[in-house]
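# Coordinate analysis (summary)
Residue strings, one per chain:
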Amino acid sequence: MNVPVPDLAPAAAELFLLAAACSVLLADLFVRDARRWITLALTQVVLAACAIIVVMTAGSQPQFTFSMMFVDDPLADAPALAEELHVVQFSDIHSGGKHFSPEHFRAAVRSGLALEPEAVLLTGDHCDNSLSAETFALRYRQALKTWKDSLQGYDGPVLFTLGNDDFRHNYQSEPEDLLDAYRAGREVWGDAYYLDEWGNGVAQARPGGFGWVSLNSHIFAAYNRPPQAPAQAERSLAWLESELRRSQGPLVLLCHIPPAWDLYSHSPGWKPQYLK
């Protein structure tokens with residue numbers, strides 16, 4: 001039986017990184033603590049060499065190998081060639097919830113801003129909907145105001161996405177809840193709030209030279225049951241496809257519920273029809 005030998009050139013950077021990482025880890029076993037800087041230096045050399053390989057093998061057309069299971073194209077090369085980017089991400093704060101600690105929250109924000117990030121990412125569950133539904137609208141606005149007040153001294157871009165706890169009914173995309181979340185965002189953040197009535201939007205800022213697209217992923221969640229949900233999902237996917245087509249470069253997609261296996265519920269995070 002003849003087994004075809006795959007073309008290794010498209011995956012040269014990845015193969016080199018795999019071999020080099022193993023070598024660095026082995027070398028680290030024999031480095032004393034006082035000379036641990038050697039491991040760091042070797043790591044930096046490996047990363048620099050990977051960037052060089054990416055530049056040398058980059059092409060304008062996609063290249064496939066390993067039975068079409070691996071693709072090398074300009075979008076795949078972009079992260080390796082992009083400028084260095086420092087961001088700070090906050091997620092699942094659940095402001096006002098039973099586990100929320102104002103003291104720990106303030107400490108986390110101070111620590112994050114001390115890193116001087118080029119952007120702050122707020123990726124959902126800013127509030128907590130496990131308490132009274134009657135007071136949710138007020139509590140959600142207070143949660144957004146808590147964020148705005150905490151970031152008052154930060155002059156970089158703040159990028160948003162919404163989570164399932166940012167709506168009155170958990171995991172449910174009721175139209176009135178979507179609209180109230182939009183109104184609250186505009187009331188508190190003003191023009192800095194770029195999400196639309198569906199919770200989707202494209203940031204004007206381009207940290208790292210990337211486009212940043214926010215998708216209200218809880219519309220696609222397996223638990224989302226309102227009769228309007230299918231139409232909402234189709235419209236959001238059509239909007240996302242349009243943004244991807246008109247993009248002139250790589251995009252970063254911000255979403256709270258990823259289109260992958262949900263370790264919390266031990267099931268797919270999105271409904272199967274939206275994962276195709």
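Let me begin by describing the structure that accompanies this report. (Residues numbered from 1 in each chain as written. Predicted model: local features only at pLDDT ≥ 70, side-chain atom pairs only at ≥ 80, totals over all residues. Heavy atoms only, no water.)

### Describing the pairing of strand β4 (residues 119-123)
Threshold: Relative accessibility thresholds used throughout: buried, under 20% of the residue-type maximum; exposed, over 50%; partly exposed, between the two (1.4 Å probe, protein chains only). Secondary structure counts use DSSP, requiring at least four H or I residues in a row for a helix and at least two E residues in a row for a strand, with both numbered from the N terminus. A clockwise path from the first strand over the helix to the second, with the strands pointing away from the viewer, defines a right-handed crossover. Two strands make a pair as long as DSSP finds a minimum of two bridges between them.
Along β4, five of the five residues are buried, which leaves the element largely enclosed by surrounding structure. Side chains A119, L121 and T123 project from β4 onto one buried face, and the interleaved V120 and L122 project onto a second face that is buried too. Where the polypeptide runs from strand β3 (residues 87-90) across helix α4 (residues 102-114) and back to β4, its parallel neighbour, the crossover connection is right-handed. By the bridge criterion, four bridges tie β4 to strand β5 (residues 158-161) in an arrangement that is parallel.

### A few points about a nonpolar patch on the surface
Put simply, the test is: Each patch is built from residues that are more than 30% exposed by relative accessible area and take part in no salt bridge. Like charges join if they lie within 9 Å; nonpolar side chains (Val, Leu, Ile, Met, Phe, Trp, Tyr) join within 5 Å. We get accessible surface area from the Shrake-Rupley algorithm with a probe of 1.4 Å; when it comes to residues, only the shown protein chains can shield them. Here, a salt bridge means any Lys or Arg side-chain nitrogen found within 4 Å of an Asp or Glu carboxyl oxygen.
Taken together, the side chains of L8, L15, F66 and M69 make up a nonpolar region of the molecular surface, amounting to roughly 400 Å² of accessible area. Positionally, L15 belongs in helix α1 (residues 12-28). Here L15 falls in the partly exposed class, since its relative accessible area comes to 35%.

### Some words on the packing of aromatic side chains
Selection rule: Stacked, edge-to-face and tilted are the three classes for Phe, Tyr and Trp ring pairs, Trp counted by its six-membered ring, which pair at centre distances within 6.5 Å; planes under 30 degrees apart are stacked, over 60 edge-to-face, the rest tilted.
Following the criterion strictly, the structure yields ten aromatic pairs and no others. The interplanar angle of 20° and the centroid separation of 4.4 Å between the aromatic rings of F220 and W270 together place this pair among those described as stacked. With F220 in the loop between β7 (211-214) and α7 (229-246) and W270 in the segment after β10 (267-268), the pair connects residues that are 50 residues apart, well separated along the chain. In this structure, F220 and W270 share a single accessibility class: buried. Their ring planes at 70° and their centres at 5.5 Å tell us that F220 and Y274 sit as a pair that is edge-to-face. Taken as a pair, F220 in the loop between β7 and α7 and Y274 in the segment after β10 lie far apart in primary sequence, 54 residues in all. These aromatic residues form a ring-pair network of at least three members: F90, F100, F105 and W147.

### Overview of the pattern of salt bridges
One pass over the structure, following the stated rule, counts nine salt bridges. Here D33 and R36 are joined by a salt bridge, their closest N and O atoms 2.4 Å apart. Using a relative accessible area of 63% as the deciding quantity, one classes D33 as exposed. One salt bridge connects D177 with R168, and the closest N-O pair in it is separated by 2.8 Å. On the basis of relative accessible area, D177 is assigned to the buried category, the value being 2%.

### A look at α4
Since the α-helix advances by 3.6 residues per turn, residues separated by three or four positions end up pointing in the same direction. Using the following cut-off: The length a helix should cover is 1.5 Å for every residue beyond the first. Each direction from the helix axis to a C-beta atom contributes to the arc, which is the arc of those directions.
With 13 residues, α4 extends 18 Å from end C-alpha to end C-alpha; this agrees with the ideal 18 Å at 1.5 Å per step. For α4, the full list of buried residues reads F105, V109 and G112. One face of α4 carries all of its buried residues, which in axial projection span an arc of 65°. Exposed residues lying more than 90 degrees from the buried face of α4 are E103, H104, R110 and A114.

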